[in-house]
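What the coordinates show
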Amino acid sequence: MGRLFLVNLEGKSYSCRHCNTNIALCSDVVSKSFQSRHGKAYLFRKVANVYAGEKENRMMMTGMHTVVDIYCVKCGSYLGWRYEFAFEKNQKYKEGKSVLERYKVCGPDGYSVVAQEVEAGESDTDE
């Protein structure tokens, strides 16, 4: 399998809830007002120490997007998704950015958010 190399993030960061691996810096948060099927989610400019699943087209609250699910490189836990392509012109700003589900990560204070049920399926609401 080989040696696992992790990127060390300096500064306040979000980490994997399961293995505490650094995933993203607080300074890379673009929006804290996204929603996923499990509750709150944050949009990040950059993430580290993740690997991507297969590309797929997903219909979300803001339209059709091509996305890849992202997972912790150390423990393999699902963390969220990355936008590869946005079909709507006004959604292009999301391309290349990642969404981390808050219940899957610990914040800079070390605490995780308890999952909240959302009636609808996955969404990426900006409101």
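Residues numbered from 1 in each chain as written. Predicted model: local features only at pLDDT ≥ 70, side-chain atom pairs only at ≥ 80, totals over all residues. Heavy atoms only, no water.

Things to note about the side chain of Lys 104
- Counting through the fold element by element, Lys 104 comes out in the loop between β8 (98-101) and β9 (105-106).
- Despite being buried, Lys 104 has no salt bridge partner; Glu 101 is the closest side chain of opposite charge, sitting 7.6 Å away.
- Look past the residues within four positions of Lys 104 in its chain and what remains in contact with it is Ser 15, Cys 16, Arg 17, His 18, Tyr 78 and Leu 79. (Helix = DSSP H or I, 4+ residues; strand = E, 2+ residues; numbered from the N terminus. Buried < 20%, exposed > 50% of the residue type's maximum accessible area, 1.4 Å probe, protein only. Lys, Arg positive; Asp, Glu negative; His and termini not counted. Salt bridge = Lys/Arg side-chain N within 4 Å of Asp/Glu carboxyl O. Contact = heavy atoms within 4.5 Å.)

Quick look at the environment of Asp 28
- Along the polypeptide, Asp 28 turns up in the loop between β2 (22-25) and β3 (29-36).
- A C-alpha to C-alpha distance of 9.2 Å links Asp 28 and Ser 13, two positions 15 residues apart in sequence.
- Not counting the four nearest positions on each side in its chain, Asp 28 is found in contact with Leu 43, Phe 44, Arg 45 and Lys 46.

Some details on the sheet that holds strand β7 (residues 78-86)
- Spatially, β3-β4-β8-β7-β6-β5 is the arrangement adopted by the six strands of the open sheet, whose pairing is antiparallel. Every other strand in the sheet has two partners, leaving β3 and β5 (50-60) as the edge strands with one partner each. On average, each strand axis in the sheet is tilted by 30° relative to the strand beside it, whichever way the strands run.
- Direction of pairing for β5 relative to strand β6 (residues 63-72): antiparallel, over a ladder of nine bridges. By the bridge assignment, Val 50 is partnered in β6 with Cys 72. (Pairing = 2+ DSSP bridges. Axes fitted to C-alpha atoms, helices over the stretch in contact; angles between N-to-C directions.)

Re the sheet that holds β9
- Taken in spatial order, the three strands of this open sheet run β2-β1-β9, and their pairing is antiparallel. Strand pairing shows two members of the sheet lacking a second neighbour, β2 and β9, which therefore form its edges.
- As paired elements, strand β1 (residues 13-16) and β9 share two bridges and run antiparallel to each other. Across the sheet, the residue bridging to Ser 15 is Cys 106, located in β9.

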